[in-house]
2 protein chains.
Amino acid sequence: MCIHGNLMKEPKGCQPRDRQMCGIKQSGLKLRFCTNESQKSRDKFVGLLRRLGFDISVNEITSPAPAARQILKERGLRPYLLVHDDVRSEFEGMDTSDPNCVVIGDAGDGFSYQSMNEAFRVLINLENPVLLSLGKGRYYKETDGLMLDVGPYMRALEYACDIHAEVVGKPAPEFFRAALKEMGTEAHETLMIGDDIVGDVGGARCCGMRALQVRTGKFRCDLSPSTSADCSPCILCASFPCTPINQML
Amino acid sequence: MCIHGNLMKEPKGCQPRDRQMCGIKQSGLKLRFCTNESQKSRDKFVGLLRRLGFDISVNEITSPAPAARQILKERGLRPYLLVHDDVRSEFEGMDTSDPNCVVIGDAGDGFSYQSMNEAFRVLINLENPVLLSLGKGRYYKETDGLMLDVGPYMRALEYACDIHAEVVGKPAPEFFRAALKEMGTEAHETLMIGDDIVGDVGGARCCGMRALQVRTGKFRCDLSPSTSADCSPCILCASFPCTPINQML
């Protein structure tokens with residue numbers, strides 16, 4: 001389940017959502033939260049969710065920062081971190097001197113011309129530039145309107161350096177497969193619930209999962225249902241909680 | 001002739017360059033300066049060039065801001081201007097209230113997360129979003145290193161809104177055709193001199209012009225000569241002034 005599209009919107013009145021979430025857990029169905037959140041560490045993010053009234057723990061969450069850390073470790077990479085200050089703790093202890101790659105996340109106000117230039121200069125001077133992107137979302141919805149996500153800034157660096165980023169997060173198939181592995185379920189018996197037609201629905205469908213799209217969060221009528229069969233949801237619902245989930249319980 | 005790649009680099013010792021430039025004018029050959037400069041108005045830009053020792057006037061320059069202004073006027077568009085403060089005077093007197101398009105230029109430090117979000121929100125709320133980009137350069141060279149140009153930020157907004165920008169400036173064919181018209185020359189009898197393999201050489205070649213690439217400015221060995229025949233220069237020179245030009249005089 002995508003956290004932002006289902007749980008984070010209109011935080012007042014969380015009980016019905018938490019109740020259905022607990023209903024899923026109590027029914028014996030396995031539940032995992034997949035998020036491209038890259039403005040907060042998992043600790044901070046879970047703290048926020050718990051304060052909102054949701055019964056969630058860190059080990060129920062699949063998010064891109066730990067996956068990126070693992071990749072950096074495996075390949076011996078030293079990152080220039082173009083990420084939000086609140087997510088830096090996920091990379092604590094890593095060698096960031098003389099960087100030989102860039103990790104980009106949803107840096108928010110941290111996307112200054114100066115920081116983008118610094119990341120660009122790291123990449124353009126590398127023989128084999130590596131750009132790891134914590135998601136490729138176009139935008140998300142905050143209380144005061146739509147906000148640019150990491151995707152547009154990833155594209156900016158890709159264009160500047162004529163490279164392709166490696167996306168760590170939704171809709172990367174590896175991300176969904178990691179979540180399936182963590183749950184111990186097969187793709188065909190798993191349902192993704194999310195608001196993003198590309199990140200949630202498309203990513204899950206590409207992995208052979210079914211997908212339920214909610215009309216909350218960043219859902220926009222003109223962008224859904226998608227014209228591409230790969231991205232069309234199996235079920236379309238007004239919001240979470242919803243009747244199709246109750247019927248499964 | 002491209003100004004940045006030929007004249008603006010290493011401003012000390014401008015005499016040889018100004019001398020060959022004046023030689024071209026005195027020989028009866030027509031000379032026009034094509035620039036994607038979008039950090040300064042033409043007035044300010046010419047003032048800078050004259051202080052550096054070059055004999056240039058505003059009416060010898062083809063640049064994207066006046067071309068964009070003309071497009072806005074013809075289509076009755078009200079722009080959100082994501083441009084450098086020093087180029088705003090080119091749009092003086094235009095109606096910028098309730099914008100129904102975005103004009104993006106090399107805003108430099110003006111490329112904040114906030115200004116990018118404002119431009120994005122204008123575009124995403126339009127039924128037919130129009131994004132005019134004053135060039136699509138990837139980067140340029142300043143005394144303290146390479147700097148991101150307008151192109152990466154144009155790509156960011158294109159991706160965020162799933163649209164294509166209209167490029168006003170090099171390498172757009174309309175831009176080169178406007179310069180040819182202003183000179184009163186045919187493409188096949190015109191030579192473009194520049195440092196940018198895509199913006200200068202590629203753009204000119206696509207219009208049927210010949211092109212001389214200089215190894216100054218942002219020239220990089222690993223990017224030139226291009227693998228694409230469309231972008232390969234007819235002549236490659238160390239710098240401007242150069243022997244092939246002297247041979248033409």
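The sections below set out a description of the structure shown in this document. As the structure is a computational prediction, the values presented were derived from the model and not from experiment. (Residues numbered from 1 in each chain as written. Chains lettered and ligands numbered in written order. Predicted model: local features only at pLDDT ≥ 70, side-chain atom pairs only at ≥ 80, totals over all residues. Heavy atoms only, no water.)

Looking at where B:His84 falls in the secondary structure, it is placed in the loop between strand 3 (79-82) and strand 4 (101-104). Placed 55 residues apart in sequence, B:His84 and B:Tyr139 show a C-alpha to C-alpha distance of 16 Å. (Helix = DSSP H or I, 4+ residues; strand = E, 2+ residues; numbered from the N terminus.)

Tallied over the entire structure, the rule returns 20 salt bridges over all chains. Between A:Arg88 and A:Asp85 there is a salt bridge, with its nearest N and O atoms 3.1 Å apart. B:Glu166 is paired through a salt bridge with B:Arg75; the nearest N and O atoms lie 2.5 Å apart. Linking B:Glu166 in strand 8 (residues 166-167) with B:Arg75 in helix 4 (residues 64-75), this pair joins segments that are 91 residues apart in sequence. When its relative accessible area of 29% is taken as the criterion, B:Glu166 is described as partly exposed. Given the relative accessible area of 43%, B:Arg75 is considered partly exposed. (Salt bridge = Lys/Arg side-chain N within 4 Å of Asp/Glu carboxyl O. Buried < 20%, exposed > 50% of the residue type's maximum accessible area, 1.4 Å probe, protein only.)

This paragraph deals with the packing of aromatic side chains. According to the stated counting rule, one finds 10 aromatic pairs over all chains in the structure shown. Judged by centre distance (6.2 Å) and plane angle (45°), the rings of A:Tyr113 and B:Phe111 are tilted. Highlighted residues: A:Tyr113 in helix 5 (residues 113-124) and B:Phe111 in the loop between strand 4 and helix 5 (113-124), drawn from two different chains. The exposure classification of A:Tyr113 matches that of B:Phe111, with both residues buried. The aromatic ring of B:Tyr159 is capped on one face by A:Arg138, whose charged end is 4.4 Å from the ring centroid. (Phe/Tyr/Trp six-rings, centres within 6.5 Å; stacked < 30°, edge-to-face > 60°. Lys NZ or Arg CZ within 6 Å of the ring centre and 35° of its normal.)

Taken residue by residue, the interface counts 30 residues in chain B and 30 residues in chain A. When chain B packs against chain A, close to 2,800 Å² is buried across both sides, 59% of that on carbon and sulfur atoms. There are zero salt bridges connecting chain B and chain A. For the pair chain B and chain A, the interface holds 10 residue pairs in polar contact (both at pLDDT 80 or more). For the side of chain B that touches chain A, the secondary-structure elements that each account for two or more residues are helix 5, strand 6 (139-142), strand 7 (145-148) and helix 6 (150-161) of chain B. Partitioned by chemical class, the residues of the side of chain B that touches chain A number 15 nonpolar, six polar and nine charged. (Contact = heavy atoms within 4.5 Å. Buried area = accessible area lost by both parts, 1.4 Å probe. Polar contact = N/O pair within 3.5 Å; in protein donor to acceptor, adjacent residues only side chain to side chain. Nonpolar A, V, L, I, M, F, W, Y, C, P; charged D, E, K, R; others polar.)

Further remarks concern the sheet that holds strand 10 (residues 210-214) of chain B. All names here are of chain B. Read across the open sheet, the three strands follow the order 9-10-11; overall the sheet is parallel. Only two strands of the sheet have a single neighbouring strand rather than two, namely strand 9 (191-194) and strand 11 (235-237). Taking each pair of neighbouring strands and ignoring which way they run, the sheet shows an average axis angle of 20°. Looking at chain direction, strand 10 and strand 11 are connected through three bridges and run parallel. Within the sheet, the bridge partner assigned to Gln 213 lies in strand 11 and is Leu 236. (Pairing = 2+ DSSP bridges. Axes fitted to C-alpha atoms, helices over the stretch in contact; angles between N-to-C directions.)

It is worth spelling out the pairing of strand 6 (residues 139-142) of chain A at this point. Each regular strand carries side chains that alternate between the two faces of the sheet. All names here are of chain A. Taken together, the four bridges between strand 6 and strand 7 (residues 145-148) define a ladder with antiparallel strand orientation. Residue pairing across strands places Tyr 140 opposite Met 147, the latter belonging to strand 7. Here strand 6 folds back onto strand 7 in antiparallel fashion, the turn holding two residues.

A word on helix 8 (residues 197-206) of chain B. All names here are of chain B. Counting buried positions along helix 8 yields seven of 10 residues, so the element is predominantly enclosed. What helix 8 keeps buried is the set Ile 197, Gly 199, Asp 200, Val 201, Gly 202, Gly 203 and Ala 204. Among the structural elements, helix 7 (173-183), strand 9 and strand 10 are those in contact with the buried residues of helix 8. Where helix 8 begins, one side-chain oxygen reaches toward the backbone nitrogen of Val 198, 2.8 Å away; that side chain belongs to Asp 196. Within two residues after helix 8, Gly 208 carries a phi angle of roughly 90°, on the positive side.

Residue and element names in this part refer to chain A. A sheet is described by the order of its strands in space; here three strands give the open sequence 9-10-11, paired in parallel fashion. Edge positions in the sheet fall to strand 9 (191-194) and strand 11 (235-237), since each has one partner strand and no second. Across the sheet, the mean angle separating the axes of adjacent strands is 20° when strand polarity is ignored. As paired elements, strand 9 and strand 10 (residues 210-214) share four bridges and run parallel to each other. Bridged to Met 192 within strand 10 is Ala 211. Docked against the sheet, helix 8 (residues 197-206) engages strand 9 and strand 10, running at close to 165° with respect to strand 10.

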